[in-house]
Amino acid sequence: MTVAWIVLALVLFSQLQWTAADPGAGLHTWDRFSKLPYPGDKAFLYDIFPDKFMWAVGTAAYSVEGAWEKDGKGKSIWDTFTRGGTRVSRGDVGSDSYHNIPGDLRALQQLGVSHYRFSLSWPRIFSNGTKESYNEKGVEYYKSLIRGLKDIKVQPVVTLYHWDLPDSLQTLFGGWSNSVMVELFREYADFCFKTFGSDVKFWITIDNPFVVAWHGYGTGVVAPGIKNDSDLPFRVGHNLLKAHAAAWHLYDERYRSSQGGLVSMALASHWIKPSRTRQENRRACQCSLDFVLGWFARPLFVDGDYPPCMKHNLTHRLPSFTEAESMYVNGTADFFALSHGPALSFQLINDSLRFGQTEDLGLRMLLYWVRAEYNNPPIFVVESGWYGSGNMKTKDAKHMYYLKRFIMETLKAIRFDRVNVIGYTAWSLLDGYEWYREYGIRRGLFFVDFNTPDLKREPKTSATFYSKLIEKNGFPQLPENRPAQGVFPCDFAWGVAANSIQVDTTPTQFADPSVYIWNISGNGELKKVPGVQAPPMHRTRHCADYGSILQQVSDVRRMQVSHFHFSLNWSSIIPTGRVSDANETLLRYYHCFVSELQKVNVTPVVTLWHHTGKLSSLPASMEAGGGWQSEETVQAFADYARLCFQRLGTHVKLWITLNEPNEEDLEYAVGHQLLRAHALAWRVYDREFRKAQGGNASLVLHMDWVEPAFSFSKEDVAPANRVLDFRVGWFAEPIFGRGDYPEVMRSWLQQRNNIDLFNYHLPTFSKEDQLLVKGTYDFFAISHFTTSMVYDGVEDKYTFKDKLQVQLISDVTWIMSPRRNSPVVPWGLRKALNWVNSRYKGVPIYVMANGVQEDTARFKDSLRVYYLYNYINEALKAYTLDGVNLKGYFAYAFSDHRDPGFGMYGHVQEEVILKSSLAHYKNIIHHNGFPATSTSQQQCPHAPVHSSGHYILTKQPVVGFLSLVSSCMLITVCLIIYYAVKRHKIATKK
């Protein structure tokens, strides 16, 4: 035994001298985590694990060994169980580890783990369960495995019992239902400690006693498959605890001093959340954990007795410990061995054990609960991971990202919650027989081809990920993960976007024809004269008459943005589709809106047509005539654009022809016509209006980032590039590039047509159209909201894109927004900007919409605050570090009224509410980014402002109007004083 191991054992053992835990101390866990800052606490933690942290991987004998009746091995209860009932396969061969120790050792070396958890097969060592049936060849197999581990410097973590009881003990004694098993297990443990103990420093006596008792002897889901006796599981659990205690005391008395090892029992648990935020729901959660984990943990770690919740609910059905038994069981664990994963959660928890609450995969909260409930024991996570479908091969992205999530939660538990976690075990090393799921799922980091004679092993992507993580000892922070400091250029466009504005063409000023009298002898109020109206006023209508415009412009101005982006409504402006039938009232309203924006130094950015998916925004006649597939619609759009340029162009310097036309499900023929419509409109502006108006025009493309699910080879990147070409390059390449669709699109669709006989027809540009479309831009504008990942495998048919042959997934460590499939991934914006810049070098770029959906009732919209800060910071990195020619950023959206859930203005009935995000966005705008505190303030020219901070309004009509209002107010005050004095004199005379 090395000095290092003696020191480690003494340190861990000293940590076991904890005082008795406060019963039920874990109850405050739910309250604690509900008060942590959101969403900051959900953000990914870049950090590393403590030195000497144990990185492990595990297997179970019946799952992987095979050789079920070879070299003197006896039958186990699983050999019998899988040959009965409706089961269609069995673990007779498994992964054939019995014949492939070198292959398993190579896999362990590839991973770089420090520890390997495996189980001994009791019937392989004692064929009928007793020492008289000792099987030398079985023992030699394990000795060879342990020698091999020693050669590659991997420490064994050995489980004595992982569910494969010798069948003869089940037949003769009824298995774990009989207390005779306590002594038989002690006898078996004694042999193992004596035979293998000099090379083993971590022992697990029994794996997951909950599953053994509840499902082996209660529901019958696992071997031995006994059911219909509702009290039997608790008697079995009682015997399992006493058997474990017997083995622990044996090791403590006979072997610890010479071998220096540690012994525990592997306890598995789910996590559970209150269905409501009431204390009784939290108590129900506590009870749920007590029935699964506390059933065995409390006797071992607290007081040698069962949890009060179990005793209260089960009364006489639950066996009781004598005082001597309690003392014997209590304290028989040198560390807390915790299992967590799909073998229990979501699959083997009965509804009754949820106590009406909601099951969850929160490993971090479970670790904290164990810390609180059992007084901070050293915790070794001895099983954790996820699974994939049985037909999956080496690309197990979902498994990899769940593994990442669980490891990251473990790291947070260590760094944030001060939980004493000493090791982590990924499950499992190999694909194998997965108990009651048989071969229907795969949990291995290494793919096993069950159809080859040698059961070939091949590392999955999860294995590559795990090995790299072990090499770095966690997730060290890289420079690109740190927030950037710096500012944007002085002429940077800070904007806010809205899909549309509120249109109310009825003037609110001077609109009431009623006659009022002033009740000077009463309370001084105005009283309406019934039946009397003033003659109609033949007054010229002014923009200031529109209350809806004044309110919206005031709200925009309050944000201190320099630009406001909104869309016109083509079908409302020209209902018939003919320019001659334009709605003059609406055009006048839009003209007023943009002119009023300009008066307060806000630049209007106007979209001519906003794609609304399946809801048509075309004039009805156009929709009836074939929509965008009709050449008439394309020409009509150019006419409509000309009208808008004529009527609004003096106030609009940034035009968007089409907003987000690149919808994924759009037919390619429609997309082709949209490109031509854009080009025609742009050419109209360029030829007829640019010189006089001095504006710029382009289109906005929806561009959520697409990341390779893994990038361990060049081939891994191809699916993401393909998706980006189809989503963005589809419209970008004809305009900003070579005037044609991306080569990837043409070659891929041709291949798909040949294979599937699908009609993926990508139109061809005539030479005339190519010249028409190419170069019709002044800037590149994108809307960006989220990021997804892809790879060329099939894991979930609901998110598999058949046309592109890619699987869409999300990293489960990302912060999830309320909107489906829209996680918060700030670095995706930076990558999107760099993609555009690398394709179309130096092109001016605007982020025309960027925002996140949040509950409209949350006025303290912390998710949006986090989102804006981090996405804008990534935009700054693109500008300052990557050299992207970024010209502006527009937060989406202006108000919940027009864009529900996205607005920085909320509404309660008629009241407008300023959300927290608005103040934070204003602060970023005020500083023009994120200046370092040590640098001098950026000097930028500003429009003249009053001392109050408001822009000076220099327009003469406005000044005249304000003067008139002031004069009226002065006259009114004088009249009030006059009549008040007069009334006082009359009263005095009387």
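Cut-off values and rules
Residues numbered from 1 in each chain as written. Predicted model: local features only at pLDDT ≥ 70, side-chain atom pairs only at ≥ 80, totals over all residues. Heavy atoms only, no water. Salt bridge = Lys/Arg side-chain N within 4 Å of Asp/Glu carboxyl O. Buried < 20%, exposed > 50% of the residue type's maximum accessible area, 1.4 Å probe, protein only. Pairing = 2+ DSSP bridges. Helix = DSSP H or I, 4+ residues; strand = E, 2+ residues; numbered from the N terminus. Contact = heavy atoms within 4.5 Å. Axes fitted to C-alpha atoms, helices over the stretch in contact; angles between N-to-C directions. Phe/Tyr/Trp six-rings, centres within 6.5 Å; stacked < 30°, edge-to-face > 60°. Lys NZ or Arg CZ within 6 Å of the ring centre and 35° of its normal. pLDDT = per-residue confidence, 0-100. Patch = residues over 30% accessible without salt bridge, like charges linked within 9 Å, V, L, I, M, F, W, Y side chains within 5 Å. Areas by Shrake-Rupley, 256 points an atom, 1.4 Å probe, with all protein chains shown as cover. Disulfide = S-S within 2.5 Å. Core = buried A, V, L, I, M, F, W, Y, C linked by side-chain atoms within 4.5 Å. Left-handed = near helix turned anticlockwise from the far one by under 90°. Nonpolar A, V, L, I, M, F, W, Y, C, P; charged D, E, K, R; others polar. Expected span 1.5 Å × (residues − 1).

1. Concerning the pattern of salt bridges
Summed over the entire model, instances satisfying the criterion amount to 53 salt bridges. The partner of Asp351 in a salt bridge is Arg354, and the shortest N-O contact between them spans 2.4 Å. For Asp351, a relative accessible area of 63% corresponds to the exposed category. Between Asp581 and Arg578 there is a salt bridge, with its nearest N and O atoms 2.9 Å apart.

2. Observations concerning the sheet that holds strand β23 (residues 705-708)
With mixed pairing, the four strands of this open sheet are ordered in space as β23-β25-β27-β26. The sheet terminates laterally at β23 and β26 (800-801), the two strands that pair on one side only. Pairing geometry for strand β25 (residues 787-791) and strand β27 (residues 806-809), over three bridges, is antiparallel. Bridge assignment links Met789 to a residue of β27, and that residue is Ile809. Seen against the sheet, helix α28 (residues 827-839) touches β23 and β25 and runs at an angle of roughly 95 degrees to β23.

3. Some thoughts on the packing of aromatic side chains
Aromatic rings considered in pairs are described by the distance between their centres and by the relative angle of their planes. Overall, the coordinates contain 92 aromatic pairs when judged by the stated rule. Centre to centre, the rings of Trp628 and Phe637 are 5.6 Å apart; their planes meet at 65 degrees, and the pair counts as edge-to-face. Residue Trp628 is classed as buried on the basis of its relative accessible area of 7%. Ring geometry for Trp814 against Trp827: centres 6.1 Å apart, planes inclined by 70 degrees, an arrangement best described as edge-to-face. Of this pair, Trp814 sits in the loop between β27 and β28 (815-816) while Trp827 sits in helix α28, placing them 13 residues apart in sequence. We classify Trp814 as buried; its relative accessible area is 11%. Owing to a relative accessible area of 28%, Trp827 belongs among the partly exposed residues under this scheme. Put simply, the rings of Tyr62, Trp78, Phe81, Trp163, Tyr433, Trp435, Tyr439 and Phe450 pair up and form one aromatic cluster. In this structure, Arg83 is placed above the aromatic ring of Trp68, and the distance from its NZ or CZ to the ring centre is 3.8 Å.

4. Some remarks on the confidence of the model for the protein chain
Here the protein chain shows a mean pLDDT of 90. Residues at 70 or above account for 88%. In this model residues 1-20 is a low-confidence stretch, pLDDT under 50, and it forms 33 contacts with partners more than four residues away in sequence or in other chains. Within the model, pLDDT remains below 50 along residues 944-962, and this stretch shows 18 contacts once partners closer than five positions in the same chain are excluded.

5. Description of a nonpolar patch on the surface
Where nonpolar side chains cluster on the molecular surface, the patch consists of Leu172, Phe173 and Val180 and spans about 260 Å² of accessible area. Residue Leu172 is classed as exposed on the basis of its relative accessible area of 63%.

6. Some words on the state of the cysteines
Evaluated as defined, the whole model comprises three disulfides. Across a sulfur-sulfur distance of 1.4 Å, Cys287 and Cys309 are joined as a disulfide pair. Of this pair, Cys287 sits in helix α12 (residues 279-301) while Cys309 sits in helix α13 (residues 308-314), and the two are 22 residues apart along the sequence. Neither Cys287 nor Cys309 differs from the other in exposure class; each is buried. Between the sulfur atoms of Cys543 and its disulfide partner Cys592 the distance amounts to 2.1 Å. Here Cys543 and Cys592 share a disulfide; its torsion about the S-S bond, -75 degrees, makes the bridge left-handed. Of this pair, Cys543 sits in the loop between β18 (526-533) and α18 (547-558) while Cys592 sits in helix α20 (residues 584-599), placing them 49 residues apart in sequence. Each member of the pair, Cys543 as well as Cys592, carries the same accessibility label: buried.

7. Quick look at the nonpolar core
With 299 residues, the main nonpolar core has Trp176, Tyr424, Tyr466, Phe564, Phe780 and Tyr921 as its most contacted residues. Membership of the second largest hydrophobic core comes to twelve residues, among which are Met54, Val157, Leu262 and Ala266.

8. Structural notes on the environment of Arg557
Checked against the element boundaries, Arg557 lands in helix α18. Given the relative accessible area of 25%, Arg557 is considered partly exposed. When the C-alpha atoms of Arg557 and Val600 are compared, they prove to be 6.8 Å apart, with 43 residues separating the residues in sequence.

9. Considerations on the sheet that holds strand β11 (residues 421-427)
Taking strand neighbours around the barrel as the criterion, the eight strands line up as β1-β2-β3-β4-β5-β7-β9-β11 in a closed arrangement whose pairing is parallel. Across the sheet, the mean angle from the axis of one strand to that of its neighbour is 25 degrees, orientation sign disregarded. Looking at chain direction, strand β9 (residues 379-384) and β11 are connected through four bridges and run parallel. When the sheet's bridge partners are listed, Ile379 is paired in β11 with Val421. Running at roughly 170 degrees to strand β2 (residues 115-119), helix α7 (residues 136-151) makes contact with β2 and β3 (155-161) of the sheet. Seen against the sheet, helix α15 (residues 363-373) touches β7 (336-340), β9 and β11 and runs at an angle of roughly 155 degrees to β7.

10. A few points about the packing of α28 against helix α29 (residues 862-880)
One way to put it is that α28 packs onto α29 with a least axis distance of 7 Å and a crossing angle of 35 degrees. The two elements α28 and α29 cross, and the hand of that crossing is right-handed. Residue-level inspection shows Trp827, Leu829, Arg830, Leu833 and Asn834 of α28 in contact with α29, the latter providing Tyr871, Glu874, Ala875, Lys877 and Ala878. Of the residues in the contact of α28 with α29, the class split is six nonpolar, one polar and three charged.

11. Section: the packing of α18 against α20
Packing of α18 against α20 brings their axes to within 10 Å, and their N-to-C directions diverge by 35 degrees. Here α18 and α20 pass one another in a crossing that is right-handed. Residue-level contacts link Ser548, Ile549, Leu550, Gln552, Val553 and Val556 of α18 to Tyr589, Cys592, Phe593, Glu596 and Leu597 of α20. When grouped by side-chain class, the residues that make up the contact of α18 with α20 number eight nonpolar, two polar and one charged.

12. Notes on helix α25 (residues 718-736)
In an α-helix there are 3.6 residues to a turn, and that puts residues three or four apart on one side. Look at α25: only 22 Å from first C-alpha to last across 19 residues, short of the 27 Å you get at 1.5 Å a residue. Within α25, 17 of the 19 residues are buried, which leaves the element mostly enclosed by the surrounding structure.

13. As for unusual backbone geometry
Looking along the chain, the bond that leaves Tyr38 and enters Pro39 is cis, with omega of 0 degrees. Mapped onto the elements, Pro39 comes out in the loop between α2 (29-34) and β1 (54-58). The peptide bond linking Ala223 to Pro224 adopts the cis configuration, its omega dihedral lying at 5 degrees. Take Pro224: it is sitting in the loop between α10 (209-219) and α11 (232-259). Even without being glycine, Trp435 reaches a positive phi, approximately 50 degrees. Note on placement: Trp435 falls in the loop between β11 and β12 (441-442). Trp435 sits in the buried class, given a relative accessible area of 8%.

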